[in-house]
Amino acid sequence: DTGVSQDPRHKITKRGQNVTFRCDPISEHNRLYWYRQTLGQGPEFLTYFQNEAQLEKSRLLSDRFSAERPKGSFSTLEIQRTEQGDSAMYLCASSLSPSRAETETQYFGPGTRLLVL
Amino acid sequence: AQTVTQSQPEMSVQEAETVTLSCTYDTSESDYYLFWYKQPPSRQMILVIRQEAYKQQNATENRFSVNFQKAAKSFSLKISDSQLGDAAMYFCAYALLLMNRDDKIIFGKGTRLHILP
């Protein structure tokens, strides 16, 4: 059984550079979520996908952030022109939801820790 | 807007003793889920226990149990026979039963639990 995986686990970049993170959900899960977690805080929702459709985006997700899930399997989160305030842990989670409406338990990946210098 | 409050930033308990972590939440909804997630140091977040608001019976998972008081909007986690492996950050979280456009999982800021040998 492979859980949610994320790559890379750590990323150090210079301010202004673009970065891309990847998330592979549990294989049969149709929902995929992205969260951001800063030190001493709980995760904050960024966006989620139902299959390949991006259904919700948080106000935290500025225009520099874009997420895709092209085939309804893995997802990528790209941050363009990174800023020091983007430094955080980026968490991915997935869930199996039997219908469009119902909420189910989310299973989290190990996260990608981003440091912007 | 829904909020989740964990008033104890840190707690310590002697190994084999019992500890209770507090969580309160605010919502005007009647159908929702509540969760406790555990995040060990440098490891991924895992689900500890989940409670559906329409169920009056408190959820239990081995040494973990909750005290769900719907009217008081309180959802505390009790860990019995504490073990060294229980040391982690614990997050209380809330989600609506039915996903909608403004829906997401909302996390508290967490309680760091230390287990004293």
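That block above? That's the structure.
Thresholds, definitions, all that
Along every chain, residues carry numbers that run from 1 in the direction the sequence is written. All chains are assigned letters beginning at A, and all ligands numbers beginning at 1, according to the order in which they are written. Only residues with pLDDT of 70 or above have their local features reported here, since the model is predicted, and side-chain atom pairs are shown and tallied only from 80 upward, although totals for entire chains, interfaces and linings are computed over all residues. The basis for every side-chain value is the complete set of non-hydrogen atoms in the structure, without hydrogens or water. Each helix is a run of DSSP H or I of at least 4 residues and each strand a run of E of at least 2, with the numbering of both proceeding from the N terminus. With C-alpha atoms as the basis for the radius of gyration, the globule rule is written as 2.2 Å multiplied by the number of residues raised to the power 0.38. With a 1.4 Å probe rolled over the protein chains alone, any residue whose accessible area is under 20% of its type maximum counts as buried; one over 50% counts as exposed, and the rest are partly exposed. By definition in these notes, contact holds between two residues if any of their heavy atoms fall within 4.5 Å. Working definition of a nonpolar core: buried Ala, Val, Leu, Ile, Met, Phe, Trp, Tyr and Cys residues. They are joined through side-chain atoms within 4.5 Å. Cysteine sulfur pairs qualify as disulfides if the two atoms are within 2.5 Å.

Caption draft 1: Representation of the overall build of chain B in the model. Helix and strand content of chain B: zero helices and 12 strands. For chain B, the N- to C-terminal ordering of α and β elements is β-β-β-β-β-β-β-β-β-β-β-β. Relative to the globule expectation of 13 Å for 117 residues, the C-alpha radius of gyration of chain B, 14 Å, shows essentially globular dimensions. Dimensions of chain B along its principal axes, counting C-alpha atoms only, are 45 × 30 × 20 Å. By the burial criterion, 50% of the 117 residues in chain B qualify as buried. In chain B, of all internal contacts separated by at least 6 residues, the share reaching a separation of at least 24 is 56%.

Caption draft 2: Layout of the nonpolar core. Residues and elements named next belong to chain B. Among the nonpolar cores identified, the biggest contains 28 residues, and Trp36, Leu77, Tyr90 and Leu113 are the most heavily contacted of them. Where this core is concerned, the elements lending two or more residues are strand E2 (10-14), strand E3 (19-21), strand E5 (32-39), strand E6 (46-52), strand E8 (64-69), strand E9 (74-79), strand E10 (88-96) and strand E12 (111-116). Excluding residues that lie within four positions of it along the chain, Leu77 makes contacts with Val19, Thr20, Leu21, Trp36, Val48, Ile49, Phe64, Ser65, Val66 and Tyr90.

Caption draft 3: The arrangement of the state of the cysteines in detail. All names here are of chain A. For the coordinates displayed, the defined rule picks out two disulfides over all chains. The side chain of Cys23 participates in a disulfide bridge whose partner is Cys92; the two sulfur atoms lie 1.8 Å from each other. With the S-S bond torsion at -65°, the cross-link from Cys23 to Cys92 turns out left-handed. Of this pair, Cys23 sits in strand E3 (residues 19-24) while Cys92 sits in strand E9 (residues 88-95), placing them 69 residues apart in sequence.

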